[in-house]
Amino acid sequence: MDLRALRPRGKLAALLLLTALSPAVSIAATGDVSDQPDAVAADETPTQWLVELNGKASIDGGNVASLAAEKQAFRSAAENAGVRLTERRSFSTLWNGVSVSIKPGDVTKLARVPGVKAIYPVIKYSVPERSPNPGVDLATAIKQTGADIAQNQLGFTGAGVKVAVMDTGIDFDHPDLGGCFGPGCRVAFGYDLVGDDFNADDTSPSFQPIPHPDAIPDDCNGHGTHVSGIVGANGGIRGVAPGVTFGAYRVFGCQGSTFSDIMLEAMERAYADGMDILNMSIGAAYQWPQYPTAVAASKLVGKGMVVVASIGNEGATGLYSVGAPGVGKDVIGVASFDNTDVLLQAFTVSPGNAAFGYLQAAAAGTAPTSGTFPLSRTGTPATTNDGCAVSGGGTGNLTGQVVLIRRGTCGFYEKTVLAQSVGAAGVIIYNNAAGFINPTVAPVLPPPPGIAPGTAVTIPVVSITAAQGAAIDALIAAGGATMTWTDTQSSVPNPTGNLISSFSSYGLAPDLSLKPDIGAPGGNINSTYPLEKGGHANISGTSMASPHVAGAAALLMQAKPRKWSNLFRDLFQNSADPKPWSLSPNAGLLDHVHRQGAGMIDIDDTILATASVTPAKLALGESEAGPVTQTFTVKNAAATPATFNLSSVNAVTTGGVIAPSFFLSDAEVEFSSP
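Read on for an overview of the structure. (Residues numbered from 1 in each chain as written. Predicted model: local features only at pLDDT ≥ 70, side-chain atom pairs only at ≥ 80, totals over all residues. Heavy atoms only, no water.)

### A closer look at the overall build of the protein chain
If you tally the helices and strands in the protein chain, you get 13 helices and 31 strands. Taken against the 2.2 N^0.38 rule, which gives 26 Å for 674 residues, the C-alpha radius of gyration of the protein chain at 27 Å falls within 12% of a compact globule. Across its three principal directions, the C-alpha atoms of the protein chain cover 85 × 65 × 55 Å. The proportion of buried residues among the 674 residues of the protein chain is 55%. Considering only contacts within the protein chain whose residues lie at least 6 apart along the sequence, 79% involve residues at least 24 apart. (Helix = DSSP H or I, 4+ residues; strand = E, 2+ residues; numbered from the N terminus. Rg over C-alpha atoms; globule rule 2.2 N^0.38 Å. Buried < 20%, exposed > 50% of the residue type's maximum accessible area, 1.4 Å probe, protein only. Contact = heavy atoms within 4.5 Å.)

So this is what it looks like as structure tokens:
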């Protein structure tokens, strides 16, 4: 439910999720819900556990000496109970307990040791891999959230705000991130908790689970540097808050995974260093808000730190896939939207010399960076089986030409091999639906009729959007069109811009609390990368959305008194812009609240807002049949009165336990005052 104020500047909104609905009308999606492989459940018996003890952590008022004595009593009690354990880490600040290694058969005995409140398996967190998809210009993402207005018109940069990045470290030598590490540098704080060769993934050839910490949190992976650039790069790329000071808390080695107890230790270090904001572009899917990393993160919020976390990239696995720590009660869990523009390698077409950005097909010849060729086509934008046969499909003699072929009917490999067989110098495949395609032209078995097994595609093959294809088709139809390969890039409008990314995880959290909270650009982002890996790179994920919100929090913290920091999530949600349903964007329906949260973050409106409504979201859980009454508090901090018209808007709802089905909601909301 959107509660929106009708006023000249800014917005006021609250979200209401009703989970006890009787969906009235089933609706069909026009897109593909599953574009990623299904998740495979691992069958493992944990040997490493987080043991929560009864006493209060020091952040909650616990006595340090008493906490130390409690842990010693636990060690003695465990020994008396016959539990042979190896202690990994001890925690007292944000969470009271220890992490231990035990034999699988001792789990029940461990849970029954006197003084033990609960036990949780130590889980692994994997650093997301670099995506081969197109890159989005960070400058357009900045405009998408209003960060450009906050910087250029309102004058905020995040100066004086300390942002912790818990990740793979930061390449602090990068000029866009300050070029040095330590006092006086932009990356002024931090610690490496693991070392380069650390890798908690026991399925990896480089498995090495023993941390070797040191004081220098450099980045040999790239993920943390990329995230940091989105938060606040200031150079060749400009981030959301280019004036912030960074703390780098490295919990990953050069590759692989880390453990949740290492993350807890990093949180405690960030707290000790006085960080104002913590970004965690890390998550473990299908976790409860009661998991220790989520609980500890929420406690940081209670002490004035704004904590932001990616909600997960498990959209293809269905409902309830959001992850910890983003599911934490007071954590800002962030979903991903696709950006409005995509930065791609380009060729030009004459007449007109217009640039067309493209994606290169896998298993094809490499697209050159120079050379001019005549253009031809094998069909039109209405041809369904374009290029599917040498005769009858219009392929003909294409010697020395680059041919435009529409997607459809036969496979990419068949289309390109047939074109290659009659002399084509290259192939441009254009989509038959909205969005980009990432074709592969590797040989298939059995091969298409008339094609020898194993025939390789040696000519360059690239793909473009349906709109781009129609434009080139029109030029060819007019006669005499040519194309030129270039070494330049072009910013291409993204047909799925401002829609939820296909990979972004669905909520709810397992306890039926409402997650994610908000969204930001994350669908292919161009940002900083270690200098030894090229300096900049394109990566996709909610990992890229989360730092947009962390940077936004830095701008808001500079603009408003810090005593408001525990309300930042409410303020962001009040001003967010809910977006259309990604699977049918022209249907006039809002996307699921439990996938986009309040919608796209709107940074400048949040800063300028003078009114707020709390709570900004309501999750009724498994409410009983019949009306449920909730109270909103509306505050106006302006010197003049403000009037709000209260109304509700239903979003698309979902059915199913894991695999989603989609319905029109019949929820109703009534207000005690209009």
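### A closer look at unusual backbone geometry
With an omega of -10°, the peptide bond between L445 and P446 qualifies as cis. Its location among the elements puts P446 in the loop between strand 21 (426-430) and strand 22 (461-464). Omega for the peptide link from T614 to P615 comes to -10°, which places this bond in the cis form. Mapped onto the elements, P615 comes out in the loop between strand 27 (611-614) and strand 28 (617-619). Although it is not a glycine, Y286 adopts a positive phi angle of roughly 60°. Residue position: Y286 is located in the loop between strand 13 (284-285) and helix 7 (292-302). Residue Y286 is classed as partly exposed on the basis of its relative accessible area, which comes to 35%. Its identity is not glycine, yet N353 carries a phi of approximately 55°, on the positive side. Residue position: N353 is located in the loop between strand 17 (341-350) and strand 18 (354-360).

### Concerning the sheet that holds strand 10 (residues 245-250)
A sheet is described by the order of its strands in space; here seven strands give the open sequence 9-10-8-12-14-16-24, paired in parallel fashion. Whereas interior strands pair on both sides, the edge strands pair on one side only; in this sheet they are strand 9 (187-192) and strand 24 (518-523). Averaged over all adjacent pairs, the angle separating strand axes in this sheet is 25°, with direction ignored. The sheet contact formed by strand 8 (residues 162-167) and strand 12 (residues 277-280) spans four bridges and is parallel. When the bridges of strand 12 are listed, V163 appears paired with I277. Its contacts with the sheet put helix 5 (residues 223-232) on strand 8, strand 10 and strand 12, and the angle it makes with strand 8 is roughly 155°. (Pairing = 2+ DSSP bridges. Axes fitted to C-alpha atoms, helices over the stretch in contact; angles between N-to-C directions.)

### Focus: the nonpolar core
Among the nonpolar cores identified, the biggest contains 52 residues, and I277, V549, F572 and I603 are the most heavily contacted of them. The element that contributes the greatest number of residues to this core is helix 10 (residues 542-559), accounting for ten residues. Beyond its immediate chain neighbours, meaning those up to four positions away, V549 contacts V308, I332, V334, I518, A520, F572 and I601. The next biggest cluster of nonpolar side chains, apart from the first, holds 51 residues, and it includes F91, I123, A335 and F337. (Core = buried A, V, L, I, M, F, W, Y, C linked by side-chain atoms within 4.5 Å.)

### Section: helix 5
Of all ten residues in helix 5, ten are buried; the element is thus mostly enclosed. For helix 5, the complete set of buried residues consists of H223, G224, T225, H226, V227, S228, G229, I230, V231 and G232.

### As for the side chain of N96
Its location among the elements puts N96 in the loop between strand 4 (85-91) and strand 5 (97-102). One polar contact links N96 to E70, side chain to side chain, over a distance of 2.9 Å. If we ignore the near neighbours within four places in the chain, the residues touching N96 are V51, E52, L53, N54, G55, K56, A57, L67, E70, K71 and F91. (Polar contact = N/O pair within 3.5 Å; in protein donor to acceptor, adjacent residues only side chain to side chain.)

### Regarding the pattern of salt bridges
Per the counting criterion, the structure on display carries 16 salt bridges. We note a salt bridge from D261 to R88, for which the minimum N-O separation is 2.8 Å. Taken as a pair, D261 in helix 6 (residues 260-272) and R88 in strand 4 lie far apart in primary sequence, 173 residues in all. Owing to a relative accessible area of 24%, R88 belongs among the partly exposed residues under this scheme. (Salt bridge = Lys/Arg side-chain N within 4 Å of Asp/Glu carboxyl O.)

### A look at the packing of aromatic side chains
Aromatic ring pairs are defined here through the distance separating the ring centres and the angle between the ring planes. If you walk through the whole model with that rule in mind, you get ten aromatic pairs. Taking the centre distance of 6.0 Å and the plane angle of 20° together, the rings of F347 and F356 count as stacked. You'll find F347 and F356 in the same group, each marked buried. Centre to centre, the rings of Y358 and W485 are 5.7 Å apart; their planes meet at 85°, and the pair counts as edge-to-face. Remark: W485 occurs in strand 23 (residues 482-493) and Y358 occurs in strand 18; sequence separation between them is 127 residues. (Phe/Tyr/Trp six-rings, centres within 6.5 Å; stacked < 30°, edge-to-face > 60°.)

### Considerations on the environment of S665
Examined against the element boundaries, S665 turns out to sit in the segment after strand 31 (661-664). In this structure S665 comes out as buried when scored by relative accessible area, which is 18%. For the pair S665 and G169, spaced 496 residues apart in sequence, the C-alpha to C-alpha distance is 44 Å. A distance of 3.0 Å separates a polar side-chain atom of S665 from the backbone nitrogen of A667.

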